[in-house]
Structure formats: structure tokens, C-alpha cells
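Descriptive structure summary
If you want the building blocks of each chain, they are given just below.
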Amino acid sequence: MALADVIKCGIDSIKQMSEHIEGAILYLDSGCTESFQYMGAFPVLLDLGARAVCSLENMSSLDAAVDWNSNFDPTRKIVVMTSRLLSDAHRYIIAHSAYPDSPLGPDAFHEYETLLLQDYEELVKKCGTKSRQSEVGNFKEKLTFEDDRWSRLTSSEEDTPNLEATSSGKDFSEDNPLGPSEDVWQTLVVSVHHFPMILCPFSPRVFVLPSEGSVAEACLSFEHEDSLSPGLPPINAGSFSDGDDVPPAATLTANFLYHLAAKMDLKMEIFSLGDLSKTVGKILTDMSSLYDVGRRKRSAGLLLVDRTFDLLTPCCHGDSLVDRMFSSLPRRKRTTSYTQMKGSQTQSKLGPSSVQRSPVDVQIPLVKLSSEEDSKVDESCLSKNIEAFLRGWDTYNTSSQIVDLVDLSKKVHNEKSLSSQIQLLSGSFVSSENFRGTPYMEAILDRRTKDGAVLIKKWLQETLRQENLNVNVRTRPGSATKSELQPMVKALAESQSSLMRNRGIIQIAAATLAALDESHSAKWDTFISAEKMLHVSAGDTSQSLAAQIQDLINKSTLTSSHGQKNGKMEPSRGLLSLKDALLLMITGYILAGQHFPTSGSGGPFSWQEEQFLKDAITDALVENPSEVKLKFLHGLTEELEANINRIKSEESKETSSNQLDIDDFDDDQWGMWGEEDADDNKKQVYDDMQLKLELRDRVDNLFKFLHKVSGLKGRNIPFREGAFGLESNFEGDSYSSKGLLYKLLTKVLGKNDVPGLEYHSSTVGRLFKSGFGRFGLGQAKPSLADQNVILVFVIGGINGLEVREALEALSESGRPDIELILGGTTLLTPADMFDLLLGDSSNI
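Thresholds applied
Residues numbered from 1 in each chain as written. Predicted model: local features only at pLDDT ≥ 70, side-chain atom pairs only at ≥ 80, totals over all residues. Heavy atoms only, no water. Helix = DSSP H or I, 4+ residues; strand = E, 2+ residues; numbered from the N terminus. Buried < 20%, exposed > 50% of the residue type's maximum accessible area, 1.4 Å probe, protein only. Contact = heavy atoms within 4.5 Å. Areas by Shrake-Rupley, 256 points an atom, 1.4 Å probe, with all protein chains shown as cover. Expected span 1.5 Å × (residues − 1). Lys, Arg positive; Asp, Glu negative; His and termini not counted. Salt bridge = Lys/Arg side-chain N within 4 Å of Asp/Glu carboxyl O. Polar contact = N/O pair within 3.5 Å; in protein donor to acceptor, adjacent residues only side chain to side chain. Pairing = 2+ DSSP bridges. Axes fitted to C-alpha atoms, helices over the stretch in contact; angles between N-to-C directions. Right-handed = clockwise from strand over helix to strand, strands pointing away. Core = buried A, V, L, I, M, F, W, Y, C linked by side-chain atoms within 4.5 Å. Parallel < 35°, antiparallel > 145°, perpendicular 65-115°, else oblique. Nonpolar A, V, L, I, M, F, W, Y, C, P; charged D, E, K, R; others polar. pLDDT = per-residue confidence, 0-100.

Attention shifts here to the overall build of the chain. Secondary structure assignment for the chain yields 35 helices and 14 strands. Residues counted as buried form 50% of the 844 residues belonging to the chain. In the chain, the share of contacts with a sequence separation of at least 24, taken over all contacts with a separation of at least 6, comes to 79%. When the accessible surface of the chain is summed, it comes to about 40,700 Å², and 50% of that surface belongs to carbon and sulfur atoms.

Between its terminal C-alpha atoms helix 25 (residues 518-538) stretches 30 Å, which fits the 30 Å expected from 21 residues at 1.5 Å a residue. Looking at helix 25, one finds that the buried residues are S521, A522, W524, T526, F527, I528, A530, E531, L534, S537 and A538.

Further remarks concern unusual backbone geometry. For R436, which is not a glycine, the phi torsion comes out positive at approximately 55°. Within the secondary structure, R436 sits in the loop between strand 10 (434-435) and strand 11 (438-439). Not every positive phi belongs to a glycine, and K751 is a case in point at roughly 60°. Within the element layout of this structure, K751 appears in the loop between helix 32 (740-749) and strand 12 (757-760).

This paragraph deals with the side chain of E609. Positionally, E609 belongs in helix 28 (residues 607-623). Within the buried set, E609 has no salt-bridge partner at all; the shortest N-O distance to an opposite charge, 13 Å, is to K614. Within the local environment of E609, its side chain forms a polar contact with the backbone nitrogen of S606, the two atoms lying 3.0 Å apart. Contacts of E609, omitting those with residues within four sequence positions, involve S542, Q543 and A546.

Enumeration according to the criterion identifies 28 salt bridges in this entry. Residue E462 is joined to R436 by a salt bridge in which the shortest nitrogen-to-oxygen separation is 2.6 Å. Of the two residues, E462 is situated in helix 21 (residues 449-466) and R436 in the loop between strand 10 and strand 11; the sequence distance between them amounts to 26 residues. The partner of K555 in a salt bridge is D551, and the shortest N-O contact between them spans 3.9 Å. Placement of the pair is K555 and D551 together in helix 26 (residues 542-566), with a separation of four residues, close to one helical turn. It is possible to trace a salt-bridge network through shared partners that takes in E34, E212, R332 and D361.

With that out of the way, let us pick up the sheet that holds strand 12. Pairing between the strands of a sheet is mediated by backbone hydrogen bonds and can be parallel or antiparallel. If you walk across this open sheet you meet the seven strands as 4-5-14-13-7-6-12, and the pairing is mixed. Of all strands in the sheet, those bounded by a partner on one side alone are strand 4 (200-203) and strand 12. Strand-to-strand twist across the sheet, computed as the mean angle between neighbouring axes with direction ignored, equals 25°. Here strand 4 pairs with strand 5 (residues 206-208) via three bridges, running antiparallel.

This part covers the sheet that holds strand 2 (residues 52-55). Here we have three strands laid out as an open sheet, ordered 2-1-3, and parallel in their pairing. Each end of this open sheet is capped by a strand with a single partner; those strands are strand 2 and strand 3 (78-81). Between one strand and the next, the sheet's axes are offset by a mean angle of 25°, whatever the strand orientation. Relative to strand 2, strand 1 (residues 25-28) runs parallel, the two sharing four bridges.

This part takes up the pairing of strand 14 (residues 819-824). Of all six residues in strand 14, six are buried; the element is thus mostly enclosed. Judged by which residues are buried, strand 14 turns out to be covered on both faces: E819, I821 and G823 on one side and L820, L822 and G824 on the other are all buried. Note: strand 5 against strand 14, three bridges, orientation parallel. Bridge pairing in strand 14 links V206 to L822. Two strands pair when backbone bridges link them, and strand 13 (residues 789-795) and strand 14 are joined in this way by six bridges, in the parallel orientation. Of the residues in strand 14, the one forming a bridge with V792 is L822. With helix 34 (residues 800-812) bridging strand 13 and the parallel strand 14, this β-α-β connection has right-handed handedness.

Here we take up the nonpolar core. Grouped together as the largest cluster of nonpolar side chains are 74 residues, with contacts concentrated most on F202, M325, F429 and I456. It is helix 24 (residues 503-516) that contributes the most residues to this core, ten residues altogether. Excluding anything up to four places from it in sequence, M325 contacts F429, I444, I456, I508, A511, T512 and A515. In terms of nonpolar packing, the next biggest core, distinct from the first, is built from 58 residues, L582, L591, L636 and V699 among them.

Bringing the packing of helix 24 against helix 25 into the picture now. Where helix 24 meets helix 25, the axes come as close as 5 Å, and the angle between the chain directions of the two elements is 55°. Overall, the two elements helix 24 and helix 25 adopt an arrangement that is oblique. Contact residues: helix 24 offers A514, A515 and L516, while helix 25 offers E518, H520 and S521. Here the contact of helix 24 with helix 25 is built from residues that sort into three nonpolar, two polar and one charged.

With that settled, consider the confidence of the model for the chain. Atom-level detail of predicted coordinates should not be read off regions where pLDDT is low. When pLDDT is averaged along the chain, the result is 75, and 66% of the positions lie at 70 or above. Confidence scores differ between elements of the chain, with helix 8 (residues 160-167) showing the lowest mean pLDDT of 29 and strand 5 the highest of 97. The model gives residues 371-375 a pLDDT under 50, and that stretch makes two contacts with residues more than four places away or in other chains.

Before going further, it helps to spend a moment on the environment of S35. Checked against the element boundaries, S35 lands in helix 3 (residues 30-39). Sequence separation of S35 and D361 is 326 residues, and the distance between their C-alpha atoms is 8.8 Å. Once you skip the residues sitting within four places of it in the chain, S35 turns out to touch M197, I198, L199, C200 and P201.

So, in C-alpha cells, the structure goes:
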């Protein structure tokens with residue numbers, strides 16, 4: 001039986017579309033780009049005959065001129081792959097029942113084709129109102145580059161329909177400058193297909209969804225008292241009804257998982273843990289009962305888990321090299337979607353706005369591996385290449401027009417944002433790249449930071465031996481430092497041929513260098529130290545934990561206000577900012593909710609303890625209002641900044657006035673200034689009081705939110721104590737400190753009951769239950785441990801530490817026959833959790 005492999009399945013699915021890809025200009029939106037980057041699909045697309053692979057959000061008139069396969073036939077085919085929308089109706093193709101106002105019915109794909117054709121016909125009719133002579137004149141204007149679109153290398157999506165119309169049959173001549181007759185170039189053939197493999201695989205068995213795709217961006221919960229964030233499942237929603245109460249992401253996620261399982265030839269036995277997971281499981285079960293009867297597929301277990309059962313693990317900084325990499329590397333900037341650019345009015349009818357997640361596509365800074373002179377040479381070559389391309393592409397134009405193009409290339413080259421736009425010498429993770437058959441990403445996913453770095457050092461040493469390169473660097477066995485790795489990576493990247501041959505190990509090693517850099521590793525280690533102290537305090541008393549949180553807040557304020565100015569920072573906590581302290585406060589409240597009974601005020605701390613925390617936060621925000629972007633301060637940050645600037649200005653004036661000689665002023669002047677100052681002071685005192693009262697109200701709302709976070713204990717008591725309370729049965733370092741997935745899989749693979757885990761009966765099971773059960777023919781409830789393939793999908797996201805611990809649980813179970821696949825809505829770093837709980841993606 002073939003092993004489950006999401007990468008292989010994705011590549012095979014692309015190859016099955018070869019007839020559509022061959023000879024086409026292929027446009028990918030940002031979500032598909034994320035997915036195909038990790039999958040290693042771009043070489044496959046070109047091998048299948050794609051003329052060019054272009055960005056859907058950044059369409060350019062030059063896209064049609066790119067010809068990878070040297071095929072001079074006119075471009076007649078454009079293929080668009082999108083994880084989001086081509087129009088406001090597109091989301092319904094995947095799960096059109098997710099929204100009540102869908103214009104599409106059961107035959108969604110065919111109906112969407114009809115909508116696209118209608119849109120195209122309207123554009124053609126609009127163009128047909130002009131005379132043919134006018135069209136000829138306009139076409140010649142385009143050839144002379146006088147059109148506004150040619151004033152830049154990229155065009156907006158508004159230009160796209162016109163471009164498609166004029167490039168759909170380039171058989172141009174002097175007698176027929178417009179090419180074929182209207183009947184030919186107005187003919188449009190449209191087909192719409194569903195591609196279920198738009199995911200970002202980190203390894204053959206670990207994946208997340210692209211951050212800029214519809215499924216990951218859809219809301220997991222509506223804003224109400226049991227919701228923490230639209231990007232997280234509700235904490236206690238009960239059973240969702242079949243109507244509007246079901247969040248859009250529930251239906252979209254169910255549809256994605258169903259089609260993914262079908263593509264992998266898996267028939268799922270579905271289990272769920274959590275309210276939203278239960279809803280997704282019900283939708284999946286209904287879909288399976290409709291479409292899977294009589295089909296022979298490989299049996300597998302699907303375990304759906306709500307992220308809100310464990311918020312602590314993704315908030316903390318665990319021992320995972322992958323998590324450190326994603327936290328230290330810059331991310332590609334989000335691409336503004338078409339509907340956002342157009343100011344679509346459908347947002348209001350479709351429900352809450354989408355979740356703005358950080359792209360999974362990191363940018364590995366390979367440029368740091370080369371010298372500054374090399375970088376300048378590269379940019380100079382790039383400018384010359386742009387000029388040469390434009391000259392060659394426009395050989396039939398006059399010399400004056402060529403000069404215009406040369407000026408254009410120089411203008412683009414001189415822009416400061418050039419390197420950032422084209423990601424010069426910047427790499428990305430590709431999960432299919434490997435060392436002697438071992439994929440790099442897969443190998444480091446189950447490694448701690450030190451072990452992963454040592455493994456990468458061994459790969460580098462072996463690669464250097466293969467390249468016959470000698471590097472004079474001292475290395476110590478069992479360790480890997482930045483000073484050891486950097487010379488090896490630079491040696492491999494010195495020549496272009498070596499860089500291309502060994503790009504996989506160079507990219508993964510460069511990412512490791514970024515994670516081990518002092519600026520990132522010191523802060524990560526500081527977080528680990530602070531989190532350990534919070535755990536220790538939580539095992540003591542609530543007063544101890546509250547004091548520890550307050551101390552972290554105070555230290556962060558001192559660092560922000562004074563530490564950087566004086567150039568001195570404390571070794572233990574001086575690296576933490578106010579944002580970091582707020583994240584640690586969330587961690588502290590989660591721990592407090594787990595260890596201490598709720599007080600009468602609704603929170604885990606006494607009124608006095610919490611008041612001290614409120615005062616500390618208020619003072620910190622007054623002193624550093626702009627240091628951290630907090631959603632609950634929207635509209636107030638500017639006033640706080642103006643207040644702090646006024647105070648600094650007054651302090652500066654007071655210092656200057658103290659240096660002046662009082663005898664220089666007569667009594668009349670002093671008397672007049674005193675009266676003016678008194679009036680100004682009264683007004684300012686009133687304004688300051690109003691501002692502080694408003695800030696205190698906002699801080700009170702923050703702590704109500706923290707009470708909600710700490711109150712997760714009440715929901716999880718039966719599950720946590722029933723499933724994992726018998727710690728004495730699991731000796732070892734560290735069972736109690738493990739995350740949810742480790743504990744859950746340990747219990748499941750040990751065939752122990754997990755309270756709250758619901759089984760959604762298969763089609764056959766329901767038939768027995770409803771019909772044959774009357775004759776005594778029952779069906780025993782299956783166990784996840786009975787399945788040879790288990791897919792665990794965390795609704796809300798996973799992190800690298802959880803993946804490592806899950807693989808560890810599988811190894812400890814003694815079940816090498818089980819194929820474990822791990823997936824999640826997105827990859828969660830602590831920074832992502834902060835944004836979901838307190839940032840722009842929060843409900844507070």
C-alpha cells in the first residue's frame with residue numbers, strides 16, 4: 001500500500017492538469033504561490049509546457065512577452081489558479097452553502113462559467129461601441145507605448161480585460177493590424193475546475209493552509225461573548241445550528257478536508273474534539289454519506305481539534321528549530337486582494353471581515369552570504385538585463401521610443417524599493433528539496449534547536465566534501481554555532497554553479513543562521529526564561545504569579561524608556577518590550593486559570609492583585625503609547641502620543657527656563673505669564689484626566705478579555721482531568737509540560753478514553769444503527785488507534801513544537817505501522833498568537 005504523501009499527491013494532481021497547462025500563460029494568486037513554493041511545483045509547471053508563470057495580483061502587459069519554452073506561436077490560452085476569488089462569487093465554488101446570499105446553486109461550477117462568460121460579453125459589447133477606425137488608432141497608440149499602462153511595468157487589474165482582448169490572437173500585419181476578425185477574437189472558452197491540493201506542505205505528512213487563501217482567511221467564530229478572535233474557534237459555543245450561526249470557515253474547512261481525502265483515496269472515520277470541530281465533523285459526515293457509498297478507498301482516521309483547547313502552547317517559546325526560524329525570518333508582505341482594492345460591497349452581506357494572517361512564505365536573506373560588492377554587481381546586471389529585454393522585445397519601434405524604455409528601466413532600477421520588490425538573492429523553504437533522499441524540512445521538524453542545528457552542520461560538512469572545498473573553521477562535536485556554520489555556507493555560495501547545485505542546504509542553513517543570530521536567539525531564550533518563572537510562580541500562589549507578571553511589565557517599561565537610551569540592558573529581561581510583556585501576561589492568565597480557583601471578581605486573582613496589574617499596564621501605555629499596535633487602543637493611541645510629546649516638550653522648556661537669569665524679567669511680565677499658565681494648566685489637567693479615564697476604561701476591557709482567557713479552565717476540566725489527570729501513569733520529564741497534541745495522541749494510541757471526543761459514524765455505521773440494528777446487527781465504535789493512517793487537523797493552527805511532540809508521541813507508542821499526517825489552518829508563532837488575541841485580528 002502506498003504511503004500517504006501530501007507533496008506527491010499535490011504534484012500528481014498538477015500533472016493531471018497537463019492539458020490545461022501546456023502552452024498557457026499561468027497566473028497564480030498569492031495563496032497558490034505560497035502553496036506551490038513549498039510543494040516545489042514551479043519546475044513541474046514549466047516542464048508541463050507553461051509558457052510563463054505570473055502573479056495574478058501583479059499582472060503586467062509584459063507577461064505575454066515572456067516565452068520560457070521558445071514557442072513563437074501566438075498566446076491563445078490563459079490559465080488562472082486562485083485560492084481566493086476571481087470574483088465575489090468564486091468562494092461559493094468551493095463551499096457555496098457557507099453563505100446564504102450565494103447566487104450559485106447545486107451546479108456551481110457550470111453556473112460560475114456562465115457568470116464569467118456574461119462578464120466577458122459585457123466587456124466586448126462595451127468595446128464594440130467604438131468605431132473600428134478608433135480601435136485601430138487605439139491599437140497603434142498601444143504599440144507606441146503612449147498608453148498610461150506602459151508608464152509602469154505592472155498594471156492594475158482594471159487593465160486586465162483589455163489586455164486579454166488584444167492578446168488573444170496575435171496574427172498582426174500592416175493590412176490587418178487588429179489581427180483576426182471580431183468573431184474570432186471575441187470567442188472565449190471558459191472552464192472552471194476545483195483543485196483541492198492548495199496547501200503548504202512542510203513535509204510529506206505535515207501541512208498548513210496558505211495564509212492568503214479563502215479557507216485560512218475565513219472566520220472561525222463570529223464576534224460574541226464566547227469568541228476570542230475571528231481566527232480562533234469559539235471557547236464555548238455549544239452546538240451550532242444548521243443556519244447562519246455556522247462560521248464560514250467551518251463549511252470551507254469541511255469541503256477542503258473532504259476533497260483532500262478524496263484526492264488521497266482515503267475514506268475517513270471522523271472524530272472531533274471541540275464545538276467547532278464537531279460542526280465540521282457533521283458537515284464532513286453528511287458529504288461522505290452522499291458521495292462515498294460503494295467506493296473502495298483506504299480507511300483512515302480523521303481527528304479534528306479546536307485550537308482553543310490549548311492556547312498556551314502556541315503562545316510560548318518552545319524548543320523547536322522550525323519555530324525559531326519562522327519567528328526570526330522576514331515574511332513576504334500580504335498582497336491586497338482584488339475585492340479589497342475595489343472596495344467590494346459584498347463584505348457586509350458575507351459576514352465579518354476575513355482574518356489577515358501572516359504569509360507562510362518566509363524570505364531567507366541569502367544576500368547576506370555575499371559581499372557588498374557582489375550585491376552591487378548583481379543589481380547592475382539586473383538593470384542591464386531589464387534594458388536588454390526591453391530593447392529586444394521592442395525592436396520594431398523607433399530609437400526615440402527605445403530611449404523611453406531605457407529611461408523606464410533606469411527609473412525602476414533607481415527606486416530604493418527595487419531589491420525588496422524582486423527579493424534579490426532571497427530564498428524560501430521548499431519541502432521537496434532533500435539531502436540524499438531525506439527532505440530537509442521533514443528532518444528538522446522532529447528536532448530540538450540544538451539537534452537540528454547539529455544535523456544541518458553535518459549536512460554542510462558532507463556537502464563541502466562533495467564539492468572538494470576546504471573551510472578553515474574550528475568545530476566542536478555535538479554543537480553548532482553561527483560562527484561554525486557561516487563560513488561553510490559562504491564557501492558553498494561563492495560560485496554560482498555551487499549555489500545552484502546546493503541551493504537546498506544553503507537555504508536551510510541560512511535560515512538556521514538567522515535563528516541562531518544573537519538578536520533573535522537572545523530574545524527567544526529570554527522568553528523561555530520568563531515563561532519558566534511564570535510556571536514556577538503558578539505552582540506557588542496567585543500572589544506570586546501576579547507579582548511576577550507585574551515585574552515583567554515594569555521591566556519592559558524601563559527597557560523601552562531608558563534601557564536603549566543608556567545602551568544598557570539587563571541580561572535576563574532587558575530584551576523584552578511592552579508587547580512581549582503583554583504576551584507573557586496572557587500566558588500568566590492562562591496558567592492562573594489552570595491553577596487557581598476563580599475569585600469573586602471573575603478573574604483568577606484577587607481584586608488588589610489585579611488592580612496592581614491594571615495600574616502597571618496603564619502606566620506602561622502612558623509612557624510608551626506607540627510601542628505596540630493594540631486593537632483595543634484604536635483611536636486613542638494618537639492622543640496618548642500627543643500627551644507624551646507635550647510632557648517631553650514641557651520638561652525641555654522647564655530645563656531651559658531654569659538656566660535663564662530671573663533678573664532679566666520684570667514683575668509685570670511674571671504676573672501676566674502666571675495667569676496664563678494657570679488657565680492653561682486647568683485646561684490641561686482636565687484633558688489629562690479625561691484621557692486617563694478613557695485609557696482606564698480600555699484597560700478594564702482588556703482585563704475582561706483576560707478573564708475570558710483564564711476561564712478556559714472551566715471548559716476543559718472534564719477533558720483535562722479525565723484524559724490527562726493521571727500523571728503518575730506517565731513517568732518522565734515532562735508529560736505535564738507537553739502540549740495538547742502529545743497528550744491527546746498518547747491517550748488515543750494507547751486506546752484510552754478521551755472525554756469529549758466525539759465519533760461521527762460512517763455511512764455504513766449509520767445504516768446499521770438506523771436499519772439493521774433492529775435485527776441485532778450492531779457495529780462497534782471504531783478506535784482511532786485501529787487505523788493505519790491518522791490525519792490530525794487543528795482548526796485554528798499548529799506550531800512546530802506541537803509537530804515535534806506529536807511525532808514523539810507516535811514514536812513512543814511503539815506503532816511504526818501508523819502513518820501520522822498533521823495539518824492545521826495556519827502556522828502559529830507567538831507573534832501570530834499575539835495578533836489573534838490582542839492585535840488587528842482580535843475581537844477586543
